[in-house]
Amino acid sequence: MKLSRVSAYFVLHAKSYMRSRSALFFQIAFPIILILLFGAIFSGSSYSPTSLVIQNESPSAASWGVIGAINDSGLFKVQILPESQNLSQYIDAHSVQAALLVPANFTENLYGGGTGVLVLKGHTNPTVASADYETLNGILTQINFKVSNTSQRLVLSSQVALGNTGKTIDYYVPGLIGFTVLSTMFNMVYTVPNYRRERLFRQLSFSGLTKSEWITANMMFSFLMLVVSDIILVVIGIYAFGASLTLNVETILVSAVIIFGGLFFFTSVGILAGLVSDNEETVSVVGNLVMFPMMFLSGVFFPLSFAPAYLVTISKFLPLTYFINSLISVLDYGNISSVSIQIVYLLIGSAIIFAIAVRLFSWKQK
Amino acid sequence: MPEKVISVNELVKSYSDITAVNGISFSINKGEVFSLLGPNGAGKTTTVEILEGVRNRTSGDVAVLGEDPEMSKTLIFKLGILPQDFSFIYNSTPREALNFYKGTLKASGDVGEILEMVELTDKATTPFQKLSGGQKQKLGLALSLVNDPEILFLDEPTSGLDPRARRNIWSVIKTLKGRGKSILLTTHYLEEAELLADRVAIMNKGKIVDSGTPMEIVERHHEEDNLIIRGDGQVESLMAAGGYKFQREGAYIKVGLKSIREATEIINYLYERKANFEDFTLKRESLEDVFVRMVGEIGEEDEAE
Ligand SMILES: Nc1ncnc2c1ncn2[C@@H]1O[C@H](COP(=O)(O)OP(=O)(O)OP(=O)(O)O)[C@@H](O)[C@H]1O
Ligand SMILES: [Mg+2]
């Protein structure tokens with residue numbers, strides 16, 4: 001790997017790319033159109049679940065009082081789950097988006113002068129969950145005021161990443177960033193078969209350029225383009241639609257690492273997809289085959305709360321889901337520590353796929 | 001002993017269905033222009049690509065500048081390559097392409113000078129896709145020159161060029177030869193080989209059927225030389241009277257010659273007898289005539305098998 005060759009190709013690639021209007025359109029204008037679209041549709045609105053499953057493991061006047069208050073608020077249709085059932089299994093089996101658990105020690109803690117903790121469970125779309133969180137918190141605050149005017153004793157804790165706002169746009173900004181990274185895959189899906197057919201890899205090899213230098217230069221350029229389009233996305237999200245993101249040096253740097261990891265991953269997947277397609281028709285088939293399931297199941301465009309349980313399960317195995325969830329945790333909730341292991345997985349997974357792609361990607365003629 | 005820059009020994013390349021190169025051997029000396037001639041599908045490009053390290057061989061030995069092109073990672077920096085179906089990134093301009101090569105090959109050559117040399121200066125900033133076929137070809141040649149290579153592989157460098165552009169490429173090749181470059185040239189234009197090549201090898205169906213200087217090959221395979229005289233019936237009767245065998249072909253009288261000396265005898269004979277001939281030419285077979293006949297004969301033999 002020689003940096004001088006990487007930079008020589010970077011310059012060549014950048015110049016030819018800038019000359020292509022359609023490429024620029026897809027890189028810059030398309031994400032902007034998407035955020036304008038999603039922003040216009042969803043800004044300010046938030047989902048409200050029609051029902052809230054509650055299981056009370058600590059029956060007492062206090063706990064039933066809280067549940068009654070939640071029910072009376074009219075914001076939730078409360079459904080009580082008998083103690084005999086396992087809440088977690090119930091959530092999985094019925095794709096419950098949010099369930100409230102009154103833990104066994106709730107009453108004891110509260111009466112003992114401590115804090116009564118309620119647990120909000122669920123494994124679904126964080127936006128929906130965070131909307132529930134906010135609503136529940138509002139109700140609890142009112143209960144707290146009724147119970148005692150001095151200290152807050154009812155606290156809601158949650159077992160999914162929850163933020164301080166419930167606005168859907170907060171969720172779509174990281175989602176669309178994820179989408180821009182995912183779509184870089186298409187650069188490779190189209191370029192690899194095209195360059196092979198035109199025998200451009202052979203021609204490039206005459207310049208002494210190696211395939212890893214070629215991939216590196218491509219990724220560097222894509223990264224630069226991603227930074228530009230994602231900055232535009234964030235700026236529009238914040239200033240046009242009032243998205244509230246946690247932006248500081250740390251979250252920005254960690255987001256850049258996540259974006260790079262995703263780029264690394266999807267570039268490699270793109271090369272592999274490009275290698276199996278040898279003509280134009282198969283290119284789009286293969287590309288869409290890889291892209292669409294990921295796009296829909298990762299929850300970027302449709303909240304998975306409406307999807308059947310098995311799709312939710314599938315989505316858990318899609319890299320894009322982890323990738324976007326990491327971005328949401330970091331950008332929406334400023335939560336870096338909880339995603340660090342995911343980032344490590346992302347980078348390791350990417351490195352493995354990258355190594356496979358480079359191995360299979362031969363510049364020689366048979 | 002001249003220094004060998006390329007040596008090929010019993011080279012074989014088989015694809016799944018055919019053997020494209022079937023046990024050929026040759027070598028190229030330093031500073032020599034060596035031309036591979038042969039009909040479509042003879043195996044020229046396959047041979048050249050194996051020497052470039054682009055394709056792996058099935059068997060046989062190959063050395064380029066003392067290295068095995070299949071293994072060497074550094075050989076490419078000493079080679080200049082114009083492939084047969086040259087293509088480039090469709091949105092890049094010749095100047096950008098040359099600058100890129102200059103950057104990767106760490107070459108000191110002047111991009112403007114190279115563009116000048118192949119007559120592409122006025123298209124320096126035109127995207128590749130908008131160049132004409134011949135202009136694309138010129139860019140390919142220009143790229144092969146950036147690193148001032150020791151060996152040039154030019155696979156049909158002038159196909160698709162107009163006659164003037166072709167002459168220009170010829171003069172570039174002559175200049176390169178003058179600078180001591182070794183050149184492997186494949187072509188379908190026999191006159192090109194005759195003009196430029198020190199030695200040629202004629203390939204057919206994966207085998208080398210003959211090699212040597214163009215002169216040697218013509219000498220070995222040519223049929224008799226002819227004297228062509230433009231003249232009327234009076235010339236014919238004089239020829240018959242002198243006992244010369246001839247054929248009439250339209251306005252011309254064609255006489256087969258045992259030697260070139262015989263031509264002077266006939267002209268003297270006619271001149272002394274005040275024959276009415278308007279002009280005459282001496283017709284030797286060219287490399288092309290020999291080539292067409294050789295390749296044709298071999299083809300027929302094969303079919304007869
Ligand atoms: N990748 C390949 N797979 C299978 N057969 C091939 C392949 N490349 C070339 N061939 C075959 O090998 C033979 C030699 O091809 P080659 O390109 O070397 O011929 P050539 O002498 O360069 O012809 P031309 O003058 O048309 O360029 C041909 O019969 C061709 O069909
Ligand atoms: Mg060829």
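Residues numbered from 1 in each chain as written. Chains lettered and ligands numbered in written order. Predicted model: local features only at pLDDT ≥ 70, side-chain atom pairs only at ≥ 80, totals over all residues. Heavy atoms only, no water.

S.K.: Looking at this structure, how should I read the overall build of chain B?
M.R.: Per the secondary structure count, chain B includes ten helices and 13 strands. Over its C-alpha atoms, taken along the principal directions, chain B stretches across nearly 75 × 50 × 40 Å. At a minimum sequence separation of 6, the contacts of chain B that also span at least 24 residues come to 67%. The distance from the centre of the 37 positive side-chain charges to the centre of the 49 negative ones in chain B is 4 Å. (Helix = DSSP H or I, 4+ residues; strand = E, 2+ residues; numbered from the N terminus. Contact = heavy atoms within 4.5 Å. Lys, Arg positive; Asp, Glu negative; His and termini not counted. Charge placed at Lys NZ, Arg CZ, Asp CG, Glu CD.)

S.K.: Where do I start with the confidence of the model for chain B in this structure?
M.R.: Predicted coordinates in regions of low pLDDT should not be interpreted in detail. Residue and element names in this part refer to chain B. Averaged over all residues, the pLDDT of chain B equals 89, while 97% of them reach at least 70. Put simply, helix α10 (residues 287-304) is where chain B has its lowest mean pLDDT, 66, and strand β6 (residues 151-155) is where it has its highest, 97. Counting interchain partners and residues more than four positions distant, the pLDDT-below-50 stretch residues 300-305 has one contact. Confidence estimates for the predicted assembly give a pTM of 0.76 and an ipTM of 0.82. (pLDDT = per-residue confidence, 0-100.)

S.K.: What is the right way to look at the packing of helix α8 (residues 185-197) of chain A against helix α10 (residues 211-241) of chain A in this model?
M.R.: Between two packed helices, both the angle of their axes relative to each other and the distance between the axes serve to describe the pair. Residue and element names in this part refer to chain A. Between α8 and α10, whose axes approach to 13 Å, the crossing angle comes to 145°. Here α8 runs over α10; the crossing is right-handed. Along the contact surface, α8 presents Asn187, Met188, Thr191, Val192 and Tyr195, while α10 presents Trp214, Asn218 and Ser222. Of the residues belonging to the contact of α8 with α10, the class tally is four nonpolar, four polar and no charged. (Axes fitted to C-alpha atoms, helices over the stretch in contact; angles between N-to-C directions. Left-handed = near helix turned anticlockwise from the far one by under 90°. Nonpolar A, V, L, I, M, F, W, Y, C, P; charged D, E, K, R; others polar.)

S.K.: Explanation requested: helix α4 (residues 87-94) of chain A in the structure shown.
M.R.: Because each turn of an α-helix spans 3.6 residues, side chains separated by three or four positions end up pointing in the same direction. Residues and elements named next belong to chain A. Among the residues of α4, Leu87, Tyr90 and Ile91 are the ones counted as buried. Viewed along the axis of α4, the buried residues span an arc of 100°, placing them on a single side of the element. Opposite the buried face of α4, at more than 90 degrees from it, the exposed residues are Gln89 and Ala93. Along its buried surface, α4 packs onto β1 (51-56), β2 (77-81), β3 (99-102) and β4 (116-121). Here α4 starts with a cap whose side-chain oxygen sits 3.2 Å from the backbone nitrogen of Gln89, and that cap is Asn86. (Buried < 20%, exposed > 50% of the residue type's maximum accessible area, 1.4 Å probe, protein only. Arc of directions from axis to C-beta. Polar contact = N/O pair within 3.5 Å; in protein donor to acceptor, adjacent residues only side chain to side chain.)

S.K.: Honestly, the packing of aromatic side chains in this entry has me stumped. Any pointers?
M.R.: How two aromatic rings sit relative to each other is set out by the distance from centre to centre and by the angle between their planes. All names here are of chain A. Using the criterion set out here, one finds 23 aromatic pairs over all chains in the structure. Each ring, one from Phe10 and one from Phe221, has its centre 5.7 Å from the other, and the planes form 70°; the classification is edge-to-face. Residue Phe10 is located in helix α1 (residues 3-19), and its partner Phe221 is located in helix α10; the two are separated by 211 residues in the primary sequence. For Phe221, a relative accessible area of 3% puts it in the buried group. (Phe/Tyr/Trp six-rings, centres within 6.5 Å; stacked < 30°, edge-to-face > 60°.)

S.K.: Would you take a moment to explain the interface of chain A and chain B for this structure?
M.R.: As a measure of interface size, the accessible area lost when the parts come together is often cited. Each partner contributes to the interface: chain A provides 25 residues, whereas chain B provides 31 residues. A buried area of about 2,500 Å², summed over both sides, lies between chain A and chain B, and 55% of it is on carbon and sulfur atoms. By the criterion of area lost to chain B, the three top residues of chain A are Leu12, Gln203 and Phe206 of chain A, representing 25% of everything that side buries. Across the chain A-chain B interface, the total number found is five salt bridges. Notably, a salt bridge pairs Arg199 of chain A with Glu49 of chain B, separated by 3.2 Å at the nearest N-O pair. Linking chain A with chain B are ten residue pairs in polar contact (both at pLDDT 80 or more). Looking at the side of chain A that touches chain B, the elements that each hand over two or more residues are α1 and α9 (200-205) of chain A. At eight residues, α1 of chain A tops the list of elements feeding residues into the side of chain A that touches chain B. Broken down by class, the residue content of the side of chain A that touches chain B amounts to eight nonpolar, eight polar and nine charged. (Buried area = accessible area lost by both parts, 1.4 Å probe. Salt bridge = Lys/Arg side-chain N within 4 Å of Asp/Glu carboxyl O.)

S.K.: Looking at this structure, how should I read the coordination of the magnesium ion (ligand 2)?
M.R.: Four donors placed tetrahedrally around a metal ideally meet at 109.5 degrees, and six donors placed octahedrally ideally meet at 90 or 180 degrees. Protein coordination at the magnesium ion (ligand 2) comes from Thr45 of chain B (OG1) and Gln84 of chain B (OE1), with a distance range of 1.8 to 2.1 Å. Placement of the pair is Thr45 of chain B in helix α1 (residues 44-52) and Gln84 of chain B in the loop between β5 (79-82) and α2 (94-105), with a sequence separation of 39 residues. (Donors = N, O, S within 2.8 Å, 3.2 Å for Na, K, Ca; no water.)

S.K.: Please explain the site of ligand 1 as it appears in this structure.
M.R.: All names here are of chain B. As a structural note, the neighbourhood of ligand 1 is formed by 15 residues, with Lys44, Thr45, Thr46, Gln84 and His188 the closest of them. Asn40 has a polar side-chain atom sitting 2.8 Å from an oxygen atom of ligand 1. Gly43 is positioned such that a nitrogen or oxygen atom in its backbone is 2.9 Å from an oxygen atom of ligand 1. Compared with its free state, where it exposes 640 Å², ligand 1 has 66% of that area covered by protein. (Near = heavy atom within 4 Å. Areas by Shrake-Rupley, 256 points an atom, 1.4 Å probe, with all protein chains shown as cover.)

S.K.: Got a minute to help me understand the sheet that holds strand β4 (residues 59-64) of chain B in this structure?
M.R.: Residue and element names in this part refer to chain B. Taken in spatial order, the three strands of this open sheet run β2-β1-β4, and their pairing is antiparallel. The open sheet has two edge strands with one neighbour each: β2 (19-29) and β4. Between one strand axis and the next, the sheet turns by 15° as a mean value, whatever way the strands run. Alignment of strand β1 (residues 4-14) against β2, held across eight bridges, turns out to be antiparallel. Paired with Val12 across the strands is Asn22, a residue of β2. (Pairing = 2+ DSSP bridges.)

S.K.: For this particular structure, what's the right way to read the packing of α2 of chain B against helix α4 (residues 133-145) of chain B?
M.R.: Residue and element names in this part refer to chain B. At a minimum axis separation of 9 Å, α2 and α4 run at an interaxial angle of 20°. In terms of orientation, α2 and α4 fall into the roughly parallel class. In terms of crossing hand, the pair formed by α2 and α4 is right-handed. On the side of α2, the interface is formed by Pro94, Ala97, Leu98 and Tyr101, while α4 contributes Leu139, Ala142 and Leu143. (Parallel < 35°, antiparallel > 145°, perpendicular 65-115°, else oblique.)

S.K.: Explanation requested: the pairing of β3 of chain A in the structure shown.
M.R.: Every other side chain in a regular strand lies on the same face of the sheet, so the side chains alternate between the two faces. Residues and elements named next belong to chain A. Neither face of β3 is open: one carries Ala99 and Leu101, the other Leu100 and Val102, and all of them are buried. Where β1 and β3 come together, four bridges link them in parallel fashion. The residue bridging Ile54 from the neighbouring strand is Leu100, located in β3. Pairing analysis gives three bridges linking β3 to β4, with the strands arranged antiparallel. Following the sheet pairing, Ala99 is matched in β4 by Lys121.

S.K.: Got a minute to help me understand the sheet that holds strand β13 (residues 277-283) of chain B in this structure?
M.R.: Strand pairing in a sheet relies on backbone hydrogen bonds. The paired strands run either parallel or antiparallel. Residues and elements named next belong to chain B. One open sheet accounts for four strands, arranged β11-β12-β10-β13; its pairing is antiparallel. Across the chains shown, the open sheet's two edge strands, defined by having one partner strand only, are β11 (247-249) and β13. Across the sheet, the mean angle from the axis of one strand to that of its neighbour is 25°, orientation sign disregarded. The pairing of strand β10 (residues 226-231) with strand β12 (residues 252-256) spans five bridges and is classified as antiparallel. The residue bridging Asn226 from the neighbouring strand is Gly256, located in β12.

S.K.: Is there a simple way to explain the pattern of salt bridges in this structure?
M.R.: Oppositely charged side chains are able to pair whenever their charged atoms sit close together. In total, this model carries 20 salt bridges over all chains according to the counting rule given. Where Arg199 of chain B meets Glu32 of chain B, a salt bridge forms, and the shortest distance between an N and an O atom there is 2.6 Å. Separated by 167 residues along the polypeptide, Arg199 of chain B in strand β8 (residues 199-204) and Glu32 of chain B in the loop between β2 and β3 (33-37) bring together distant segments of the chain. A residue is classified by how much of its surface remains accessible, and Glu32 of chain B, at 9% relative accessible area, is buried. The residue Glu272 of chain B makes a salt bridge to Arg273 of chain B at a minimum N-O spacing of 4.0 Å. A cluster of three or more residues bridged by salt bridges with shared partners is formed by Arg199 and Arg202 of chain A together with Glu49, Arg55 and Asp85 of chain B.

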